[in-house]
Structure formats: structure tokens, C-alpha cells
Amino acid sequence: MRVLAAILYFLFILFLVLRTYRRLSVEQRQELKQPSVVMMLVLLLSGFVLWQIGFIMLHQWLMHSGAVIALFAPFISCVIGWRQGKIKGRIVVMYMLLACVGIGAYILIMNML
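Residues numbered from 1 in each chain as written. Predicted model: local features only at pLDDT ≥ 70, side-chain atom pairs only at ≥ 80, totals over all residues. Heavy atoms only, no water.

### Description of the overall build of the protein
Secondary structure summary: the protein contains 5 helices and 0 strands in total. From first element to last, N terminus to C terminus, the protein shows the α and β order α-α-α-α-α. Relative to its 113 residues, the protein shows a buried fraction of 21%. The long-range fraction of contacts in the protein, counting pairs at least 24 apart against all pairs at least 6 apart in sequence, stands at 52%. For the protein, the exposed area adds up to about 8,200 Å²; of that, 74% sits on carbon and sulfur atoms. (Helix = DSSP H or I, 4+ residues; strand = E, 2+ residues; numbered from the N terminus. Buried < 20%, exposed > 50% of the residue type's maximum accessible area, 1.4 Å probe, protein only. Contact = heavy atoms within 4.5 Å. Areas by Shrake-Rupley, 256 points an atom, 1.4 Å probe, with all protein chains shown as cover.)

Structural data, given as C-alpha cells:
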């Protein structure tokens, strides 16, 4: 039953993403095709889906790995943008600190439960 719920959840998320993409204009679709945006969206979505599947199936390691992937997605996207010269180094450091704070908060919250 849990596996079926996880598969249905994944298919529902995929449906919503594809429906939203089809509604975008041509200019907005071109903006989404930049490598930094694609990397961040893929990592965020996969992280949240892994977290939810781990939560549904009661697998702690899957839930934790999904949370870490989702929290580091903006940082990785900033590094890609920084290497392309679109983002300053200070912003990358700020995102790295925010990712570390987010992971620390996640660990604290999970230890309280």
C-alpha cells in the first residue's frame, strides 16, 4: 500500500510539473533551459520527492538524503552560475551558509521528533 502511494505521489508531481511547463510562454521556457535553473529545479524536485517517499515508506535514510539534496540545490545552482560569471562569489558563500543552517535546523527538528 505504501509503495502504491509513493508511486501515485510521484506521478502526481510529474503531472503537475509537465502541466505547468506546457502553460509557460516561449520566453519563459527559454529561461528555464539555462543550466543553473535546470540543475536547481531537478535537485529540488528530486529532493522533495525522495523526502516524501521516505516519509510515506518510513525509510529514514531516504527521507534524510532527500532533505539534504533539496537543501543543497540552491547552492549547487549558484556555483554553476558563479562559474558562468552570472553570480558573484559572495552570493555563493551566502547560499552555502544558508544550506548549512537549513541542514542544522533539519537535524534539530528530526532529533526532537
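### As for the nonpolar core
One recurring pattern in soluble globular proteins is that nonpolar side chains are buried together. Core analysis: the largest hydrophobic core is formed by 5 residues, namely A6, I13, V49, I53 and L62. Counting only elements with at least two residues in this core, the list comes to α1 (2–23) and α3 (35–57). Setting aside chain neighbours within four positions, we find I53 in contact with A6 and L62. (Core = buried A, V, L, I, M, F, W, Y, C linked by side-chain atoms within 4.5 Å.)

### Focus on helix α5 (residues 89–112)
Compared with an ideal rise of 1.5 Å per residue, which puts 24 residues at 34 Å, α5 spans 35 Å between its outermost C-alpha atoms and is within 8% of the ideal. Those residues of α5 that sit buried are V92, A99, G102, I103, Y106 and M110. (Expected span 1.5 Å × (residues − 1).)

### Here's the deal with a nonpolar patch on the surface
Taken together, V3, L4, I7, L8, F10, L11, L14 and L18 make up a surface patch of nonpolar side chains, about 720 Å² in accessible area. Tracing the sequence through the fold places F10 in helix α1. (Patch = residues over 30% accessible without salt bridge, like charges linked within 9 Å, V, L, I, M, F, W, Y side chains within 5 Å. Salt bridge = Lys/Arg side-chain N within 4 Å of Asp/Glu carboxyl O.)

### A few points about the confidence of the model for the protein
Per-residue pLDDT for the protein has a mean of 79; in total, 97% of the residues score no lower than 70. Within the protein, no element has a lower average pLDDT than α5, which sits at 78, and none a higher one than helix α2 (residues 26–32), at 81. (pLDDT = per-residue confidence, 0-100.)

### A few points about the packing of helix α4 (residues 60–83) against α5
Relative to each other, α4 and α5 sit at 170 degrees, their axes nearing to 8 Å. Comparing the axis directions of α4 and α5 gives the class roughly antiparallel. Each of Q60, M63, H64, A67, V68, L71, F72, P74, F75, C78, V79 and W82 in α4 lies in contact with α5, whose residues at this interface are G89, I91, V92, Y95, M96, A99, G102, I103, Y106 and M110. Counted by class, the contact of α4 with α5 contains 18 nonpolar, 4 polar and no charged residues. (Axes fitted to C-alpha atoms, helices over the stretch in contact; angles between N-to-C directions. Parallel < 35°, antiparallel > 145°, perpendicular 65-115°, else oblique. Nonpolar A, V, L, I, M, F, W, Y, C, P; charged D, E, K, R; others polar.)

### Examining α3
Taking 1.5 Å as the rise per residue, α3 with 23 residues should run 33 Å; its terminal C-alpha atoms sit 32 Å apart, in good agreement. Looking only at α3, the buried set comprises S36, L43, G47, V49, I53 and G54. Within two residues after α3, L58 carries a phi angle of roughly 60 degrees, on the positive side.

### Comments concerning the packing of α3 against α4
Following both chains from N to C, one finds α3 and α4 inclined at 170 degrees, their axes separated by 7 Å at the closest point. Put simply, α3 runs roughly antiparallel to α4. Residue classes in the contact of α3 with α4 are distributed as 20 nonpolar, 7 polar and no charged.

### Some words on the packing of aromatic side chains
Per the counting criterion, the structure on display carries 1 aromatic pair. Centroid distance W51 to F55: 5.7 Å. Interplanar angle 15 degrees. Geometry classified as stacked. One end of the pair, W51, and the other, F55, are both in helix α3, 4 residues apart, so they sit about a helical turn from each other. Judged by its relative accessible area of 24%, W51 falls in the partly exposed class. The ring centre of Y21 lies 4.8 Å from the NZ or CZ of R29, which sits over that ring. (Phe/Tyr/Trp six-rings, centres within 6.5 Å; stacked < 30°, edge-to-face > 60°. Lys NZ or Arg CZ within 6 Å of the ring centre and 35° of its normal.)

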